[in-house]
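Report on the structure
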Amino acid sequence: MFEKLEKGLQKIVNPMAQKLSDNQSLKAVSAGFVKLMPITLGLVVFSIIGNLPITGFTDWLTDVGLMDSINAALTASTSIISIYVVFAIAYNFANNRNQSGITAGFISLAGFVLLIPQTVQAGKETVSALPISYMGSSGIVLALIISICVGHLYCYLCEKNVTFKMPSSVPPMVSESLEPIFVAMIIFGLLFIVRVGFSFTEFKNAADFVSKIVSKPLLAIGTSIPALIFVLFVSNVFWWFGIHPQTIQGPVSSVLYMMMLDNIDKFGNGKEMLYVLPLLVYLIAGIGGNGNTLGLLISMISAKSKRYKQMFKLALVPHIFNINEPLIFGMPIILNPFFFIPMTVNCVISGIIAWIYLSVVPFTYNPMMELLPWTTPVFVKYFLSGGIALLVLVLILVVVNTIIYYPFFKMADNEALKEEMAGE
């Protein structure tokens, strides 16, 4: 039965996965967000220092004048994240098409600035300035749209040789800068028309249109907690069949990233965070990696077979740092009938428990901790994120995961022990 189901899934999912992996826009978006990691992770230490859950510490930082500088460091990263996004995605898109990534990135960045408001209200006066509120998480969808559209159009026009040809005697550095002039003029002309067009609408600018008409409905769909739990469930079903969960989680990751950045932006500005519950439920429901295998690792402490005793030793240290591939492939869990139920059910039960717990138990939350490296041990990460309350939730879920995995592991362990005894 499992073999037939596997073949059926492979026929449906493999072509889909191939199309997703070959999609130029998705590849550029994925690579673009990865390129931002030095900025987000490089400045996360300032967030940790500025938000340590130690009574009186933040007051001391304010008193000695350090808090303003810490906030300035955070502004340089997450508060203007859209500026980095719009450049990085267009850059990667053009590079993947063997065109000038730097030029495409700069055109995309200039196009983003062209489409956002360029004045702010200072009392009764209107001052020429770029509002930082459009450059943070609220501008990411606009940044995605501009960078992908500019990337496509830039590459298309360059490939059609709509360029300013320079004599061979001109140095390459100069010719590479001057050749895309016509391309840039066409793109800026189109973006100018877009800006003027929106000025006659009730939205007044493209940024507000995207925020109200595109971003909010997209986030409303993507932030549904049942939908997010379902994504985890389907991902683990696919992973059991050997189909990488990124096939399912990839398209969702952009929405999750927007939720995270919006929380960080609101947190930094002292405003109410809108996406704490859905984001935390999704992240905490998946502790231990895809398949919630931390519970399996703990169950292996009771192993009697030599095979699983050795596997426990091999998997222990990597799993502390959220690397569960040794268990996924070493047990193996993939296509192992013993582990189908716990691998697919754990995330659903964990998600429901986390949803109820976070809805009932009061807690504080520092979203900046989501920028910590993914290898940060979960107990450390969620203690820094929400203190004792989140740490208790993680411990509860680890216990639940272990209880679910334990009987299935014992069956596998007893089977392995019989085989070893028969071999002797």
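Data block above holds the structure.
Residues numbered from 1 in each chain as written. Predicted model: local features only at pLDDT ≥ 70, side-chain atom pairs only at ≥ 80, totals over all residues. Heavy atoms only, no water.

Quick word on the pattern of salt bridges
Proximity of charged atoms lets side chains of opposite charge pair with each other. For the structure on display, the rule yields four salt bridges. Two residues, Glu 159 and Arg 97, come together in a salt bridge whose shortest N-O distance is 2.9 Å. With Glu 159 in helix α9 (residues 140-159) and Arg 97 in the loop between α7 (81-96) and α8 (101-115), the pair connects residues that are 62 residues apart, well separated along the chain. A salt bridge links Asp 262 to Lys 266, with the nearest nitrogen and oxygen atoms 3.1 Å apart. In this pair, Asp 262 and Lys 266 are both assigned in helix α14 (residues 246-268), four residues apart and thus about one turn of the helix distant. The exposure class assigned to Lys 266 is buried, which follows from its relative accessible area of 18%. (Salt bridge = Lys/Arg side-chain N within 4 Å of Asp/Glu carboxyl O. Helix = DSSP H or I, 4+ residues; strand = E, 2+ residues; numbered from the N terminus. Buried < 20%, exposed > 50% of the residue type's maximum accessible area, 1.4 Å probe, protein only.)

Regarding the nonpolar core
Counting 108 residues, the largest nonpolar core has Tyr 154, Leu 296, Tyr 308, Leu 327, Met 331 and Ile 333 as its most contacted members. Looking at this core, the element that brings in the most residues is helix α20 (residues 378-423), giving 13 residues. With residues up to four places along the chain from it excluded, the contact list for Ile 333 reads Trp 240, Thr 293, Leu 296, Leu 327, Ile 328, Phe 339 and Met 343. (Core = buried A, V, L, I, M, F, W, Y, C linked by side-chain atoms within 4.5 Å. Contact = heavy atoms within 4.5 Å.)

What to know about the packing of aromatic side chains
Using the criterion set out here, one finds eight aromatic pairs in the structure. Cluster of aromatic residues (ring-pair linked, three or more members): Phe 87, Tyr 91 and Phe 106. (Phe/Tyr/Trp six-rings, centres within 6.5 Å; stacked < 30°, edge-to-face > 60°.)

With respect to the pairing of strand β2 (residues 125-128)
Bridge analysis of strand β1 (residues 119-122) against β2 gives four bridges, and the strand direction is antiparallel. Along β2, the bridge assignment pairs Ala 122 with Glu 125. Counting the residues in the hairpin turn of β1 and β2 gives two residues, including Gly 123, whose phi is positive at 70°. (Pairing = 2+ DSSP bridges.)

Here we look at unusual backbone geometry
Glycine aside, a negative phi is what most residues show, and trans is what most peptide bonds show. For Asn 161, which is not a glycine, the phi torsion comes out positive at approximately 60°. Classification of Asn 161 as exposed rests on a relative accessible area of 51%. Although it is not a glycine, Asn 322 sits at a positive phi angle of roughly 65°. Residue position: Asn 322 is located in the loop between α17 (306-320) and α18 (325-330). A residue is classified by how much of its surface remains accessible, and Asn 322, at 17% relative accessible area, is buried.

Brief notes about a nonpolar patch on the surface
A contiguous nonpolar patch, built from Ile 186, Leu 190, Phe 192, Ile 193, Val 196 and Phe 200 and spanning about 610 Å² of accessible area, is present on the exposed surface. Following the sequence through the fold, Phe 200 ends up in the loop between α11 (181-199) and α12 (206-222). On the basis of relative accessible area, Phe 200 is assigned to the exposed category, the value being 71%. (Patch = residues over 30% accessible without salt bridge, like charges linked within 9 Å, V, L, I, M, F, W, Y side chains within 5 Å. Areas by Shrake-Rupley, 256 points an atom, 1.4 Å probe, with all protein chains shown as cover.)

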